Structures are given as structure tokens and as C-alpha cells.
Amino acid sequence: MGTGDFGTLSTDYGPAAWVPANSSNYTVSSRESAYPINYIVIHTMQGSYAGSISWFQNAAAGTSAHYLLRSSDGAVTQMVRDKDIAWHAGNWTYNTQSIGIEHEGYVDNASWYTDAMYRSSAALTRFLCDKYGIPKTRNNIIGHNQVPGATHTDPGPNWNWTYYMQLVTGGTTPPPTAWSTVVDNTTAGRFTASANWSTSTYSAQRYGADYRYANPVAASDAAWYKVNIPATATYRVEVWYPAVAGYNTSTPYIVATTSGNQTVSVNQTANGGTWRSLGTFTLAAGDANKVGVSRWSGSTGYVIADAIRVTRV
């Protein structure tokens, strides 16, 4: 019946077997009221289906995932409830906001990635995206290697993202959202700011090595991120900043659109350490300053310039 040869069925996802992980290997929660579920994280087990199930049942593991997929036939076993936080991403913020899916096999051996497993996994991901309102894009369906701070490389170069996303979306061509780029304040040739902007490593919520900060003034003196936009189209613009109680509650982000600059104010005392969407905008093709952080705020506290992400939608 395609449920991993176990007798109890999942109450979260009908086709899955239910085999609970040891309670020492995950955090009980009440998602989505406690945390939003914004991401699906794709993993490769570096081992067998049965072995991984046994490992997550071992109190010594210190790790877990929500769902596991078998290579031979795509059978699914759930080991952590969707509402609870599996320890799979190596990043607490991403753990709280994601569902982890482990796939049987090894990153250096493409033969484990069978059509049956791709199709079963894509059906699960599509179901979860529909259930929790997760966009079916590579912005939100990511590999373990894409989690900030990740030391893992899975699912690896043999994982066929193009095919997988076609199965998830039901499309026959790769979605245009496959194009995405991140610009950090340390990205060479992509970030400019005046000498009034200082550098800090104070908050652990930062993206990368450090971030920039400045006092608010009655002048723009913007820090700018340069982005090479491939085609004039609609793009989602997201920002990453560390949230600290004393930072600015109304930091102006400037987006250079085809119809002129648009400004979105962000409270940088909250929702830090993750990607936060400013919205979708029409951006012109070409390599130019596309997103800026202005100092012209009516609120007190440092304005922060850390990282931005632009994704075609």
C-alpha cells in the first residue's frame, strides 16, 4: 500500500505510515500558531530508509525529520508531526519554519533517485504547500545545502531540481522562479554605502559575516545593493536583517521599479534572522542598484543593511 510496511497511518498525510521518532530528537510545538510553516527542506539520508527510521527512534540520535522516502517504491514514513519541530536543518530559525523530507540514498550515487521516489516526494511536497500556503517555488522548497550556515551538501548535484519542481507544480517547463540571487553587504562589487555606515557583528541573527548600521538622519544616504536582473518581469524582493530591541522600527527600504522608486518601511526590532518579503515589484532588466536602505527615518535606533534576495515570480 506504499506506506513503508508499517501498520499505523499518518493523520497529517494519508499515504504515509506513522512511526514516531524518539521524543529526545525533536521539539514539541503547536505550529502554525507558534511558528509559520514557510519552507520545505529536501535532504538525502546518506543511508538506508530502514536504517534512518531506526536511527530517529534512537534517543542518542539528536536529529530527526518529518518525512522519509524509500527509493525503491516511494513509500513514505512520517516520524515527526507537522505541528512539531524536527531537528533537521541545522538552523533553529529554519527548523521552526520548515518541514524536513529525507530521501533514501547517497549524494554521490544518482541511482538512488528513482522516478517513484521523485513522484512520491513531489506529491507530498505539493500537498504540504497547499495545506500550509507555501509557495511552490525554489524560494520556499530548498535543499539542506541552501539553509544559511549549512555544512551539509545534500541533496547534492545528482538531485534533479528541474524535474522535481515540474512534478510539484504540474508544469512541463521549469518555472521562471528558478532565477534567484542573494546580495549580502559583503558581496564584492554589489554593495555600496558611505563612510557613515559602520560594520557590526553584534547580533547572531546576521546574514553572513557581518552587517552595516547607521543612525537615522533627515537625508537618504542610502546603502545600495546592485542586482543583475535577467529580464524585465515581476520579482519578489526579500530582506534579511538581525532584529535587536534598540534598532529602528521604521527603516525605509527603497526598491527601484520600472515605475520609479517605491519605499517599504520595516520594523527592524522584530522578525529578524530570516527572509522577510517586501512584496513583488516589476524590475527592469540590467545590472544596476535595485534595492536600497535609507537613513531617512522618523524613528530612533540604528537602521540596518544586511542582505537582500530577489526572486522571479
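All values reported here derive from a predicted model rather than from experimental measurement. (Residues numbered from 1 in each chain as written. Predicted model: local features only at pLDDT ≥ 70, side-chain atom pairs only at ≥ 80, totals over all residues. Heavy atoms only, no water.)

1. Remarks on the overall build of the protein chain
Right, so step 1: A tally of regular secondary structure across the protein chain gives four helices and 20 strands.
Right, so step 2: The C-alpha atoms of the protein chain give 21 Å as radius of gyration, which agrees with the globular expectation for 313 residues (20 Å, within 12%).
Right, so step 3: Over its C-alpha atoms, taken along the principal directions, the protein chain stretches across nearly 65 × 40 × 30 Å.
Right, so step 4: By residue count, 51% of the 313 residues in the protein chain fall in the buried class. (Helix = DSSP H or I, 4+ residues; strand = E, 2+ residues; numbered from the N terminus. Rg over C-alpha atoms; globule rule 2.2 N^0.38 Å. Buried < 20%, exposed > 50% of the residue type's maximum accessible area, 1.4 Å probe, protein only.)

2. So, the side chain of Thr 44
Right, so step 1: The residue Thr 44 is located in strand β3 (residues 39-44) in this model.
Right, so step 2: Separated by 3.4 Å, the side chain of Thr 44 and the backbone oxygen of Pro 155 make a polar contact.
Right, so step 3: Setting aside residues no more than four positions away along its own chain, Thr 44 makes contact with Glu 102, His 103, Gly 105, Tyr 106, Val 107, Tyr 113, Asp 154 and Pro 155. (Polar contact = N/O pair within 3.5 Å; in protein donor to acceptor, adjacent residues only side chain to side chain. Contact = heavy atoms within 4.5 Å.)

3. Observations regarding the sheet that holds strand β10 (residues 191-192)
Right, so step 1: Within the open sheet, the five strands sit side by side as β10-β13-β18-β15-β16. Their pairing is antiparallel. Unpaired on one side and paired on the other, β10 and β16 (260-266) mark the two borders of the sheet.
Right, so step 2: As paired strands, strand β15 (residues 251-257) and strand β18 (residues 286-293) are joined by three bridges and run antiparallel to one another. Across the sheet, residue Ile 254 finds its bridge partner in β18, namely Gly 292. (Pairing = 2+ DSSP bridges.)

4. Overview of the nonpolar core
Right, so step 1: Formed by 30 residues in total, the largest nonpolar core has its most connected members in Tyr 225, Leu 278, Leu 283 and Ile 308.
Right, so step 2: Of all the secondary-structure elements, those providing two or more residues to this core are β12 (211-214), β13 (223-229), β14 (233-240), β15, β17 (276-283), β18, β19 (303-305) and β20 (307-312).
Right, so step 3: Beyond its immediate chain neighbours, meaning those up to four positions away, Leu 283 contacts Ile 229, Ala 231, Thr 232, Ala 233, Tyr 235, Val 237, Val 255, Ala 256, Thr 257, Thr 258 and Val 310.
Right, so step 4: The next biggest cluster of nonpolar side chains, apart from the first, holds 27 residues, and it includes Ile 42, Ala 122, Leu 128 and Trp 159. (Core = buried A, V, L, I, M, F, W, Y, C linked by side-chain atoms within 4.5 Å.)

5. Side note on helix α3 (residues 115-132)
Right, so step 1: For α3, which comprises 18 residues, the first-to-last C-alpha distance of 26 Å matches the rise-based estimate of 26 Å (1.5 Å per residue) to within 8%.
Right, so step 2: Three or more residues of α3 are buried, namely Met 117, Tyr 118, Ser 120, Ser 121, Ala 122, Leu 124, Thr 125, Leu 128, Cys 129 and Tyr 132.
Right, so step 3: Those residues of α3 that are buried lie in contact with β3, β4 (67-69), β5 (76-78), β7 (98-103), β8 (141-143) and α4 (161-169).
Right, so step 4: Directly beyond the C-terminal end of α3, a positive phi value near 70 degrees is found at Gly 133. (Expected span 1.5 Å × (residues − 1).)

6. A closer look at the side chain of Glu 238
Right, so step 1: Turning to its location among the elements, Glu 238 is positioned in strand β14.
Right, so step 2: Its relative accessible area of 6% is what places Glu 238 among the buried residues.
Right, so step 3: Those residues within four positions of Glu 238 in sequence are excluded, and the remaining contacts are Asn 139, Trp 275, Arg 276, Ser 277, Leu 278, Ala 307, Ile 308, Arg 309 and Thr 311.

7. Digging into the packing of aromatic side chains
Right, so step 1: Counting across every chain of the model gives 19 aromatic pairs.
Right, so step 2: Seen from their ring centres, Tyr 118 and Trp 159 are 4.8 Å apart, and the 50 degrees between their planes marks the pair as tilted. Here Trp 159 lies in the loop between β8 and α4 and Tyr 118 lies in helix α3, a separation of 41 residues in the sequence.
Right, so step 3: For Tyr 118, a relative accessible area of 6% corresponds to the buried category.
Right, so step 4: Classification of Trp 159 by relative accessible area gives buried; the value is 4%.
Right, so step 5: On the numbers, 5.3 Å between centres and 75 degrees between planes, the contact of Tyr 207 with Trp 240 is edge-to-face. In this pair, Tyr 207 sits in the loop between β11 (198-200) and β12 while Trp 240 sits in strand β14, placing the two residues 33 residues apart along the sequence.
Right, so step 6: Classification of Trp 240 by relative accessible area gives buried; the value is 3%.
Right, so step 7: An aromatic cluster of three or more residues is present, and its members are Tyr 113, Tyr 118, Trp 159, Trp 161, Tyr 163 and Tyr 164. (Phe/Tyr/Trp six-rings, centres within 6.5 Å; stacked < 30°, edge-to-face > 60°.)

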